[in-house]
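Report on the structure
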Amino acid sequence: MLILGIESSCDETGVALVQIQAQGLPVLLAHALHSQIAMHQAYGGVVPELASRDHIRRVIPLSRDVLAQSQKTLQDVDVVAYTQGPGLAGALLVGAGVACALGAALNKPVMGVHHLEGHLLSPFLSADAPEFPFVALLVSGGHTQLMRVDGVGEYTLLGETIDDAAGEAFDKSAKLLGLAYPGGPLLSKLAEQGDPNAFKLPRPLLHSGDLDFSFAGLKTAVLTQSQKLGDQLAVRKADLAASTEAAIVEVLLKKSLAALQQTGLQRLVVAGGVGANRHLRVQLNAACAKRGVRVHYPELHLCTDNGAMIAMAAAMRLQSHKATPKRDYGFNVSPRWPLDQLA
Ligand code: KG4
Ligand code: ZN
C-alpha cells in the first residue's frame with residue numbers, strides 16, 4: 001500500500017511516498033522538500049500569505065519529483081495524506097486542498113495528519129528505529145512538550161511550555177544578536193566559538209518540580225545582557241550565543257531526565273527542529289548513556305519539517321488500525337490542535 005504525504009503547515013513544502021509492508025515498519029520510497037527560508041529571510045520571519053502562495057507553486061512539481069524518483073505514477077497511490085494542523089491556516093489549506101483534489105480525481109481516500117505526530121514518529125524512519133513505550137521530547141519552533149508514548153495514538157502529555165517554545169527561544173535570541181531567520185542553527189554555529197559559562201543566564205522553571213518549561217524570561221535576559229554590553233556586544237556575541245544555547249539545552253536535558261525518572265521508562269525519543277541541535281544531542285547522549293537510557297533521533301535532515309514524517313505518521317496509523325482514510329473530500333484544517341486530543 002502506497003501513501004503520498006504532503007506537508008505545508010509553515011515554511012517548508014514537503015512531499016513523500018511511503019510504502020506499507022506486509023510486515024515491519026513502513027518504508028520511505030522518496031521525498032522532496034522546498035524550504036522557503038530564503039524567501040522569508042528579508043522579513044525576519046514567516047509571512048503567512050507569502051508562505052501559502054509559495055506552497056501552491058511548489059506542491060505539484062515536488063509531487064512529480066517523488067513519483068519520478070520512485071518510478072511510480074499517481075494511479076499507484078492508495079491514500080493521499082496531508083498535514084491537517086497545527087500550523088498556519090492558509091498554508092495548511094494549500095496542502096489539504098491539493099490532497100483532497102488529488103484524492104477526488106483519483107478516487108482514492110484521503111487522511112488528515114497531525115503535524116506533531118509526524119515529528120513524534122519521524123525517528124521510525126531512521127535505521128535505528130525506537131520501540132514503544134518511550135518518553136518523547138518534542139522541540140520545534142512552535143512547541144515544546146514532553147510526552148509519554150505507549151503506541152501510535154497513545155500520547156500522554158507530561159509537561160509543556162507555558163510561553164515560548166524552545167525553537168522560538170533560539171530564534172528570538174538569535175534575532176537579538178543580529179542573526180538571520182530562522183536563527184536557531186545560526187546561533188548554534190556561532191556558539192561553537194563561544195564560552196557557555198561567560199554569562200549567567202536564567203534556567204526558567206528548572207527546579208519547579210514539574211515537567212513544564214518557560215523560555216520567555218530567557219529572551220528578556222538575552223536582551224538585557226546585550227544592552228548592557230553595548231559596543232562590546234560585537235566581540236562577545238559568540239559568548240552570549242554559547243551561554244544562551246547552554247541555558248536552553250540544560251533545561252531541556254534536566255526536564256527530559258526528570259520525565260524518564262517519573263515514568264520509569266528507559267527510552268527517549270527527541271523530535272522537531274531543535275532536535276538537530278548538536279549541543280543538545282551531545283549532552284543528552286552523555287547523560288542517557290550514564291543511565292542506560294537509549295536515545296533516538298530522526299535523521300538530521302528529517303528533524304525539521306518534511307513530507308516523509310507526514311506520510312510515515314499516516315502509514316503507521318493505518319497499519320495499527322488507528323485511522324480509516326475517507327472518501328470525503330470536504331476538507332478541514334485545524335490550525336490549533338493539541339496532540340493529546342488525538343484519539
Ligand atoms: O520542527 P520545525 O522545522 O518547525 C516547526 O514545526 O516549528 O522546527 C523549526 C525550529 C526553528 O525554531 C529553528 O530555529 C529550530 O527548529 N532549529 C534549531 C536547529 N535547527 C533548527 N535550533 C537550534 N539548533 C539547531 N541546529
Ligand atoms: Zn514542525
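What counts, and at which threshold
- Numbers given for residues are sequential positions, taken from 1 along each chain in its written order.
- Naming scheme: in the order in which they are written, chains are lettered from A and ligands are numbered from 1.
- At least 70 in pLDDT is required for a residue's local features to be given in this predicted model, at least 80 for side-chain atom pairs to be given and counted, and no such filter applies to totals for whole chains, interfaces and linings, which use all residues.
- Hydrogens and water molecules were not included; the side-chain quantities draw on all heavy atoms of the structure.
- Secondary structure is summarised from DSSP: a helix means a run of H or I of at least four residues, a strand means a run of E of at least two, and numbering begins at the N terminus for each.
- Think of it in three bands: residues with accessible area under 20% of the maximum for their type are buried, residues over 50% are exposed, and the middle band is partly exposed, with areas taken using a 1.4 Å probe on protein chains only.
- Positive charges are assigned to Lys and Arg, negative charges to Asp and Glu, while His and the chain termini are left out of the count.
- For this document, the term salt bridge refers to a Lys or Arg side-chain nitrogen within 4 Å of an Asp or Glu carboxyl oxygen.
- By definition, residues are in contact when any of their heavy atoms lie within 4.5 Å.
- Any two strands with at least two DSSP-identified bridges between them are counted as paired.
- Fitted lines through C-alpha atoms give the axes, limited to the stretch in contact for helices. The angle between two N-to-C directions lies from 0 to 180 degrees.
- Here, the term nonpolar core denotes a set of buried Ala, Val, Leu, Ile, Met, Phe, Trp, Tyr and Cys residues that are joined through side-chain atoms within 4.5 Å.
- Neighbouring residues are identified by heavy atoms, a residue being near a molecule or strand if any of them is within 4 Å of it.
- Two N or O atoms count as a polar contact when they lie within 3.5 Å, although within protein this holds only if one can serve as hydrogen donor and the other as acceptor, and sequence-adjacent residues are included solely when both atoms are side-chain atoms.
- The protein chains shown are the only cover counted for residues, whose accessible areas, like all others here, come from Shrake-Rupley with a 1.4 Å probe.
- Gly counts as polar in this scheme, as do all residues outside two lists: the nonpolar Ala, Val, Leu, Ile, Met, Phe, Trp, Tyr, Cys and Pro, and the charged Asp, Glu, Lys and Arg.
- Residue ranges for the domains trace back to a domain assignment, done automatically or taken from a database.
- Coordinating donors are taken to be N, O and S atoms lying within 2.8 Å of the metal, or within 3.2 Å when the metal is Na, K or Ca; because water is excluded from the atom set, some sites may appear incomplete.
- Note: the arc covers the axis-to-C-beta directions of the helix.

Things to note about the side chain of Arg281
Here Arg281 shows up in helix 9 (residues 278-291). It is Glu299 that comes nearest to the buried, bridge-free Arg281 among opposite-charge side chains, at 9.4 Å. Apart from residues lying up to four places away in sequence, Arg281 is in contact with Gly275, Ala276, Tyr297, Pro298, Leu300 and Cys303.

Thoughts on the sheet that holds strand 9 (residues 267-271)
Across the sheet, five strands lie side by side as 8-7-6-9-10; this open sheet has mixed pairing. Either end of the sheet is taken by a strand with one partner, and the two such strands are strand 8 (154-160) and strand 10 (294-296). Taken over all neighbouring pairs, the strand axes of this sheet differ in orientation by 25° on average, direction set aside. Bridge count for strand 6 (residues 134-139) against strand 7 (residues 144-151) is six bridges, and the pairing is antiparallel. Residue pairing in the sheet places Val139 in a bridge with Thr144 of strand 7. Docked against the sheet, helix 9 engages strand 9 and strand 10, running at close to 175° with respect to strand 9.

Describing the nonpolar core
Within the largest apolar cluster, 47 residues are counted, with the highest numbers of intra-cluster contacts made by Leu201, Phe215, Leu240, Ile248, Leu252, Leu268 and Val270. When residues of this core are traced back to their parent elements, those giving at least two are strand 6, helix 5 (166-176), helix 6 (183-191), helix 7 (216-229), helix 8 (233-263), strand 9 and helix 9. Ranked by residues supplied to this core, first place goes to helix 8 with 14 residues. If near-sequence neighbours (up to four positions away) are discounted, Phe215 is found in contact with Thr144, Thr161, Asp163, Asp164, Ala165, Ala166, Ala169, Ile248, Val251 and Leu252. In terms of nonpolar packing, the next biggest core, distinct from the first, is built from 36 residues, Val18, Val113, Val149 and Met309 among them.

Quick look at the site of ligand 1
Ligand 1 sits among 19 residues. The nearest are His119, Gly141, Asp171, Gly273 and Asn277. Within the backbone of Gly141, one N or O atom sits 2.7 Å away from an oxygen atom of ligand 1. For ligand 1, whose accessible area on its own is 560 Å², the fraction buried by protein is 87%. Where the shell around ligand 1 is concerned, the elements lending two or more residues are helix 4 (115-121), helix 5 and helix 6. Residues of the shell around ligand 1, tallied by class, amount to five nonpolar, twelve polar and two charged. Looking at the shell around ligand 1, you find at least three residues from each of domain 1 (2-121 + 303-341) and domain 2 (128-297).

Some details on the coordination of the zinc ion (ligand 2)
Metal coordination angles have textbook ideals: 109.5 degrees for a tetrahedral set of four donors and 90 or 180 degrees for an octahedral set of six. Coordination of the zinc ion (ligand 2) by the protein is provided by His115 (NE2), His119 (NE2) and Asp305 (OD), with metal-donor distances spanning 2.0 to 2.1 Å. If you list the donors of the zinc ion (ligand 2) from N- to C-terminus, the spacing comes out as H-x3-H-x185-D. Residue His115 is found in helix 4, and its partner Asp305 is found in the loop between strand 10 and helix 10 (307-319); the two are separated by 190 residues along the sequence. The burial state of His115 is the same as that of Asp305; both residues are buried.

Here's the deal with helix 5
Where helix 5 is concerned, the buried positions are Ala166, Gly167, Ala169, Phe170, Ser173 and Ala174. One side of helix 5 holds all its buried residues, which, seen down the axis, span an arc of 160°. Once helix 5 finishes, Gly178 follows within two positions and takes phi at roughly 80°, a positive value.

Some words on the pattern of salt bridges
Per the stated rule, a full pass over the model turns up 15 salt bridges. Where Arg236 meets Asp239, a salt bridge forms, and the shortest distance between an N and an O atom there is 3.1 Å. Highlighted residues: Arg236 and Asp239, both in helix 8, separated by three residues, approximately one helical turn. Residue class for Arg236 comes out partly exposed when judged on its relative accessible area of 26%. For Lys254, the salt bridge goes to Glu250, with nearest N and O atoms at 2.8 Å. Here Lys254 pairs with Glu250, and both are found in helix 8, just four residues apart, close to one helical turn.

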